[in-house]
Every structure is written in C-alpha cells, then in structure tokens.
Amino acid sequence: MNEQRDRELDELAAAEAGQISRRTLLRRAAAIGLSTPVIAGLLAACGGGDDGDTEPTSPAGEEPGTTATAEPGETPGGEAPSGDRPVLRYALDAADLGTLDPHYASSTPDRTVVDMIFNALVRYKPGDSSQFEPDLATEIPEPEIVDGKQVWTFTLRQGVMWHPGPQTESYELTADDVIFSLQKSANPDTSAYAAEYTGMTFEKVDDYTVRITLDTPLSPLLFLPKIANYSGGFIMSQRAVEAMGPDAIKTHPVGTGPFMFQNYTPQNAIELVAWDNYFRGAPKLAGVTLRFMPDPSSRELALQSGEMDVVDGISEARWVEKINAIDGLTADVFGVGEVTFVNFDMSREPLSDVRVRQALAYAMNREEHLALFGEPVAQSVYSVAPAELMAGGLTREEAEEAGVAYHYDPERAQQLLAEAGVQNLTFEVVTSELESYRKHYEALQAQLAQIGVTLTVNVVDHPTFHSLIRENVNPIVIYIAFRPNPDTYFSQFFHSDAIVVTGPRPNTNFSHYDQVDDLIEEARAETDPDRQVELWKEINIRILQDMAAMPLLYINQVYGRSERVDYGHELKSSLALYPQITELTTISG
C-alpha cells in the first residue's frame, strides 16, 4: 500500500511540475494500476498540456528492476529487433501468474500464455475452435481396431525445434518428447488432467512415429480434444523438464511455439520473444509483452491511451458499445462461451440435504445474473453442458419438461428450507478478484439474503482462488468454464474420480457428486452418436434432479484492441479463451 501511495505522489509531483503530458500521464497511470479517482486528480494537476511534450529521460514511477513496456518496433529490452518488427502489448485481467506448466494451467491468463509457447499433436484452428487441423503431427490419422482396442498412429513433423532453455540448448522434437508429455499428462502427480487419459497407453514406434492405444474406443469428437492444444494435450520438452525440475518449469516454460519465454516479473509482466525457427515460419511480431492489470479501468485507459494494443475486456454489452464508439478501437465478442454454474458441496451439512440445495437453486435469479453482462455477451443456460454450445445439452423447453428448469421462485425456496428444518443458514466463501467471478458471488449473496441465508464473500487474487477451491475451502463454488464436449464437463466436474482433495484423480468435482459415474462411462464408450447424445441429456437431468450444480448462463469472450492489430485469422471462437496470438499476428502503422 505504501509503495502504491509513493507512486501516486511521484506522478502527482511530475504532473504539477508540468514534466509530463496528459497522454503520457494516462499511459503511466494505467501501467502502474492507479485507481480511476487518483487518475482524475492527476489529470487535473496536469492541466491542458500538449500531448506532444517531450518525456523526461527518467520517467516518474519507473523503478530499477521493473519490466519496461516496449513500444511497437522495440524488443522488451528496448533494442530494435531485426526487421523492425513490433512488440504486441497485451493487458491481462489478472494480478499475477498462476503457472505456465500447461498440464496445470487452468485460468484464462495462464492458458493465454501457454497457448503462444506450446504446440500439440493436433490443434484447434486459430479463430475457429469447431475445426481440428494437424499441429506437430503431419496429419490427423484414422483410427484402427486391433484386438478390440482402438489404435491411433501419429507421424510427427521433422525439423520442429525446441526453444533453448536456461539449462538446455535448442534441439529437434522427437517421439521421446511426445511420449514423455502424454505420460506426464496421464499421471495425477504431474498433471491436473490425468483423468482424461485413463485406459490409454503411449508407445514410441520410431523417432517420428507415436502410437496411442485406447482400451475403450472413442469417437474422434471425444478423442481429439485430449491430444489437442488444450490442457493435457500440450507437448513439453523432456530435456528441459528433467533438467529444470517441476517447479522451475512453472515460471520458465520451454516450448516449440511461435513465441519463446524471455522474462517474468511477478505482479508486473511476462515477456515473450519471437521464435524465428518456428516450423510454420518466423512470427511477424518481435514479441509479446503481457502486463498483469486486474483493474478494468486501468486496462481501458491503457487501451485508449495507446499504452496497450490488446486488453482483456469487460463482459458487458455496454462496454462493447463504448469501445466500438471510440475511433481507432474495436471490441471483439466471440466464442467459445464459458458456462457459469454454481456447485454445492454435498458432503457438508446442511448441503447434504437435496431440499437445501434445491432451495438455494430456486433463490437464484438467472435474469439478474444475465443483466450483469447483457446480450449478446451472455445468454441463459439450463444445463451445465449447455444445448447452446454442444449436442447433449438441455434447452429451456427440455429442462422445463423434465421439471429441472429451476425458475426463480423465492417462496418455493423458503418452503423447501422449512421442510428441511433449517434456518439462519450461514456460508463463507472466497471469490476471485476478477469481475466475472466477483459480480456473480455478489449477486448470489443478495439473492440468498432474500430467503434469509447469509453468504460472506472474501475476495482473493485469481490464482489463490483456484488453489483454495481445489483445497475444498468453499461450500459453494461458482465456476466459469468451457469444455469441448459434455464428456469433459461430466468427467471433470461430476465423476467421483475427480472429487477435489479425496478423489483418486482430483480435479474440479466441487460438489463431491458420485451418482452418475456409470452413465458417464457408458456415454463415453457409446459409438452411436444419437444414443450418446441421449445419454448426455440423461446425465444433465440427473445432475439437476440431485442439484449438484445450478447452471446460470454462458459468457462470450470480450477483448478490446487497437484497429492496427491484425490477429491473422478470422475470429469466430477460441478454445484458448483469448483472441490467439500466432506467427501471423501483426500491428500496422
């Protein structure tokens, strides 16, 4: 707090002395995360100075050891790169890094960074997550059935080079790295996604050929996401991981992607530089500087002032309209939509009583939650795996027909609490500092208060939130997530193997639910697509009947950018949950 106050005083002194312009002041204030009232005061002190004023040699607020923000055409270190390529400046909605081990990365900021650094056997087409295409593999093969088991054989690209690491030189990717990575993903001691790889074995055929055998055959719809550039599918350098160890790799990743890790300054920035030996060609950018900027006003000011080229936006229709009305700026709204749902820990009293869980569900007003964001940014959903995004979800009409729509009914909620014989309920939870989470918890707090339930909400930074909910701290967990298909939703959130802390492969089953294991496994093994969809609908209905989780809405991705930024692809949907920065991304002008 004292350091922040010192920065504010330094900026005020510079403004009053006329040493910096209004535009420069905006840029610096946003960069160090000053609040909106403080910025307003600084602007008043600065007066109507010309935006073209010369900046001092040592800008106020800049401290030794902090990460410099590069201007377009500069590297993060300040030197002009070869070809005078620009550096993209990107503001993350986060206070700090969680992890850059891709097999643990779960928050959107962490996924954003690892997506630029790593590759997988196959990938979702940039800007269109409805399509798969080869990545480290030369093609997507057709599976074979051998002795009742399904076999997928992948041929690797030759000449794919690893980034140099702090303890390893650049070398060519081989099947050894692929086998090492997939085995790491399948190990619950080294991956958060181990449950996805149950019943799989991985075999090196030769240096450029890998064979994956499944005990139970899967359709391509269910198999390909497991080896794509998402979660456990990322391929890591065996030499780098073994040389550095599991902890060091979390803050110094080594990949094969278009951008290479250069520097990480805690609570400040991550710097990536172009990997010119990238197998798809040298990037058009010199690098990407990602700034941690959790305050939405600071991100918006940074975008307007030119301090940032791309910012994580605010998931509100009015913010989209505001940014689109500013000359030179664009707000992008795109899929995939992340589903917001409320999980109840059924292992705790009184949430072990289904009537209490149903009462809390009836107390929730979807329309109020939807109004926090507005359409087309958000839309109500009626199952955790929603019909709006994938086959197997429940439409509103289907949920109503099954009696599991849970429309807002506070009187019914109070009746159920009375039947359960409970009163003066009190819960305490933590929420992420991110607005997308905090606003939902605050809305839930107000809604539960209307039926006499007290919800105390404590705000923590986003990585801490993710850690704490996986330690089973919250009796009620609001979670925002997209998964590529119903099986992944069900396996990670509602299979007993994935129960947090106590499950054999703990993941994100916050409800401690264990009533649909057989149905999940039956649906996963079903090769008839129509029957598979029927089973997924049945699972959705069971989850709602037991009220393990209450689905609220899905939220599309919202980002602001300078119109000078060209992502290099049409932006329809991104499973990486950000616009995707690739070797084709550039900045004009």
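Rules of the game
- Residues numbered from 1 in each chain as written.
- Predicted model: local features only at pLDDT ≥ 70, side-chain atom pairs only at ≥ 80, totals over all residues.
- Heavy atoms only, no water.
- UniProt positions renumbered as here; feature names shortened; annotations may be inferred.
- Helix = DSSP H or I, 4+ residues; strand = E, 2+ residues; numbered from the N terminus.
- Buried < 20%, exposed > 50% of the residue type's maximum accessible area, 1.4 Å probe, protein only.
- Contact = heavy atoms within 4.5 Å.
- Areas by Shrake-Rupley, 256 points an atom, 1.4 Å probe, with all protein chains shown as cover.
- Pairing = 2+ DSSP bridges.
- Axes fitted to C-alpha atoms, helices over the stretch in contact; angles between N-to-C directions.
- pLDDT = per-residue confidence, 0-100.
- Arc of directions from axis to C-beta.
- Phe/Tyr/Trp six-rings, centres within 6.5 Å; stacked < 30°, edge-to-face > 60°.
- Core = buried A, V, L, I, M, F, W, Y, C linked by side-chain atoms within 4.5 Å.
- Domains from an automatic or database assignment.
- Salt bridge = Lys/Arg side-chain N within 4 Å of Asp/Glu carboxyl O.

The name an unreviewed UniProt entry assigns to the protein chain is 4-phytase, from the organism Sphaerobacter thermophilus. Of the protein chain, the UniProt comment under Sequence similarities (unreviewed entry) reads exactly: "Belongs to the bacterial solute-binding protein 5 family."

Of regular secondary structure, the protein chain possesses 18 helices and 19 strands. In the protein chain, which comprises 589 residues, the share counted as buried stands at 57%. Pairs at least 24 apart in sequence give 69% of the contacts found in the protein chain among residues at least 6 apart. Element-wise, carbon and sulfur atoms account for 45% of the exposed surface of the protein chain, whose accessible area totals about 22,400 Å².

Two modes of strand pairing occur in sheets, parallel and antiparallel, and in both the strands are linked by backbone hydrogen bonds. Taking strand neighbours across the sheet as the criterion, the four strands line up as E4-E5-E7-E6 in an open arrangement whose pairing is antiparallel. The open sheet terminates on both sides in strands that have one partner only, identified here as strand E4 (144-146) and strand E6 (200-206). Going across the sheet, the axis of each strand differs from the next one's by a mean of 30 degrees, ignoring polarity. As judged from the three bridges shared by E4 and strand E5 (residues 149-155), these two strands associate in the antiparallel manner. Looking at E5, one finds that Ile145 is bridged to Gln150. Docked against the sheet, helix H5 (residues 175-185) engages E6 and strand E7 (209-214), running at close to 170 degrees with respect to E6.

Turning our attention to the confidence of the model for the protein chain. In this model, the protein chain carries a mean pLDDT of 88, and residues with pLDDT of at least 70 account for 86%. Between residues 1-82, whose pLDDT stays under 50, and residues either more than four places distant or in other chains, the model counts 123 contacts.

Burial in helix H15 (residues 462-470) covers these residues: His462, Phe465, His466 and Ile469. One side of H15 holds all its buried residues, which, seen down the axis, span an arc of 95 degrees. The inward-facing, buried residues of H15 abut strand E14 (426-432), helix H14 (435-449), strand E15 (454-460) and strand E16 (476-481). Positive backbone phi, approximately 65 degrees, marks Asn472, located one or two places after H15.

To continue, consider unusual backbone geometry. With omega at 10 degrees, the peptide bond leading from Gly335 into Val336 counts as cis. If you trace the backbone, Val336 turns up in strand E12 (residues 329-344). The omega torsion across Glu375 and Pro376 is 10 degrees, close enough to zero to call that bond cis. Structurally, Pro376 can be placed in the loop between helix H11 (366-371) and strand E13 (378-380). Look at Met547: it is not a glycine, yet its phi comes out positive at around 45 degrees. Along the chain, the position of Met547 falls in the loop between helix H18 (529-545) and strand E17 (549-562). For Gln580, which is not glycine, the phi dihedral falls at a positive 75 degrees. Tracing the backbone shows Gln580 in the loop between strand E18 (565-566) and strand E19 (586-587). Classification of Gln580 by relative accessible area gives buried; the value is 6%.

This paragraph deals with the pairing of strand E2 (residues 122-125). As judged from the four bridges shared by E2 and strand E3 (residues 128-134), these two strands associate in the antiparallel manner. By the bridge assignment, Val122 is partnered in E3 with Pro134. Linkage of E2 to E3, two consecutive antiparallel strands, is achieved through a turn of two residues, within which Gly127 is found at a positive phi near 85 degrees.

In this section: the packing of aromatic side chains. In the structure shown here, the tally under the stated rule is 18 aromatic pairs. Here the aromatic rings of Tyr264 and Phe292 are separated by 6.3 Å at their centres, their planes lie at 85 degrees, and the arrangement is edge-to-face. On the criterion of sequence distance, the pair formed by Tyr264 in strand E8 (residues 259-265) and Phe292 in strand E10 (residues 287-292) is long-range, its members being 28 residues apart. Judged on exposure class, the residue Tyr264 and its partner Phe292 are both buried.

Within the largest apolar cluster, 123 residues are counted, with the highest numbers of intra-cluster contacts made by Ile212, Phe223 and Phe494. Residues from two domains meet in this core; each of domain 1 (87-309 + 564-587) and domain 2 (336-556) gives at least three. Discounting residues that sit within four places of it in the chain, Phe494 has contacts with Asn343, Val384, Tyr489, Asn509, Ser511, Tyr513, Val516, Asp517, Ile520, Ile543, Ala548 and Ala549. Among the nonpolar cores identified, the runner-up in size contains 38 residues, and Ala105, Met116, Tyr264 and Leu285 belong to it.

Attention shifts here to the environment of Glu169. For Glu169, the location among the structural elements is in the loop between E5 and H5. Residue classification places Glu169 among the exposed positions, given a relative accessible area of 69%. Along the sequence, Glu169 and Arg239 sit 70 residues apart, while their C-alpha atoms lie 9.3 Å from each other.

A word on the pattern of salt bridges. Overall, the coordinates contain 27 salt bridges when judged by the stated rule. In this structure, Asp215 engages Lys149 in a salt bridge whose closest nitrogen and oxygen atoms are separated by 3.4 Å. Within this pair, whereas Asp215 is found in the loop between E7 and helix H6 (220-223), its partner Lys149 is found in strand E5, the two being separated by 66 residues in sequence. Overall, Lys149 belongs to the partly exposed group, its relative accessible area being 37%. Notably, a salt bridge pairs Arg531 with Glu522, separated by 3.6 Å at the nearest N-O pair. Taking relative accessible area as the criterion, Arg531 reaches 31% and is therefore assigned partly exposed. Overall, Glu522 belongs to the partly exposed group, its relative accessible area being 37%.

With that settled, the discussion passes to the side chain of Ser185. Mapping Ser185 onto the fold places it in helix H5. Excluding residues that lie within four positions of it along the chain, Ser185 makes contacts with His103, Ser191, Tyr193, Ala194, Tyr197 and Gly232.

Attention now moves to the side chain of Ser107. Summarising the element assignment, Ser107 is placed in the loop between strand E1 (87-92) and helix H4 (108-117). Beyond its immediate stretch of four places on either side in the chain, Ser107 contacts His462 and His466.

Here we come to the environment of Glu142. If you trace the backbone, Glu142 turns up in the loop between E3 and E4. Each C-alpha atom of the pair Glu142 and Phe154 lies 9.6 Å from the other, and the pair is 12 residues apart in sequence.

As a further point, take H5. The buried fraction of H5 is high, at nine of 11 residues. Within H5, the full set of buried residues consists of Ala175, Asp177, Val178, Ile179, Phe180, Ser181, Leu182, Lys184 and Ser185. Its buried side turned inward, H5 meets E6, E7 and helix H7 (238-244).

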